[in-house]
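# Inside the fold
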Amino acid sequence: MSSGRGVVMSGADEPAKLAQQMRDKARQLSEAAESAKDPEERQRLTAKASKMRARSEQQSGMSSGDIYPQL
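Residues numbered from 1 in each chain as written. Predicted model: local features only at pLDDT ≥ 70, side-chain atom pairs only at ≥ 80, totals over all residues. Heavy atoms only, no water.

Further remarks concern the overall build of the protein chain. Scanning the protein chain for helices and strands turns up 2 helices and 0 strands. Counting over 71 residues, the protein chain shows a buried share of 18%. A separation threshold of at least 6 residues defines the contact pool for the protein chain, and within that pool the share at least 24 residues apart is 52%. Carbon together with sulfur atoms contributes 52% to the accessible area of the protein chain, which is approximately 5,800 Å² in total. (Helix = DSSP H or I, 4+ residues; strand = E, 2+ residues; numbered from the N terminus. Buried < 20%, exposed > 50% of the residue type's maximum accessible area, 1.4 Å probe, protein only. Contact = heavy atoms within 4.5 Å. Areas by Shrake-Rupley, 256 points an atom, 1.4 Å probe, with all protein chains shown as cover.)

Here it is as structure tokens:
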């Protein structure tokens, strides 16, 4: 008899997983921005990372049941 852990992911886990993926992507974008030589590229990547972080926070709030995301 198995404990069932890790075998089937419920739909309730998906928002939290998505929020984590978005945070990871935002971190990657920030790192890319730090190493970018071109100031315009650095600014573009920084803005994209910031938007991704904001969306991950909203997604995280939604997964925790907070129906009023911070704006």
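Let us now look at the environment of Gln20. Summarising the element assignment, Gln20 is placed in helix H1 (residues 13–35). Residue classification places Gln20 among the partly exposed residues on the basis of a relative accessible area of 33%. Distance from Gln20 to Ser60, taken between C-alpha atoms, is 8.2 Å for residues 40 residues apart in sequence. Polar contacts involving the side chain of Gln20 include one to the side chain of Arg23, which spans 2.9 Å. (Polar contact = N/O pair within 3.5 Å; in protein donor to acceptor, adjacent residues only side chain to side chain.)

Once that is clear, we can look at the pattern of salt bridges. It is possible for side chains of opposite charge to pair when their charged atoms get near one another. Summed over the entire model, instances satisfying the criterion amount to 2 salt bridges. With a shortest N-O distance of 3.1 Å, Arg27 and Asp24 are connected by a salt bridge. Of this pair, Arg27 and Asp24 are both found in helix H1, 3 residues apart, which corresponds to roughly one turn of the helix. The exposure class of Arg27 is partly exposed, given its relative accessible area of 45%. On the basis of relative accessible area, Asp24 is assigned to the partly exposed category, the value being 27%. (Salt bridge = Lys/Arg side-chain N within 4 Å of Asp/Glu carboxyl O.)

Looking at where Ser56 falls in the secondary structure, it is placed in helix H2 (residues 39–63). Note on Ser56: relative accessible area 2%, which makes it buried.

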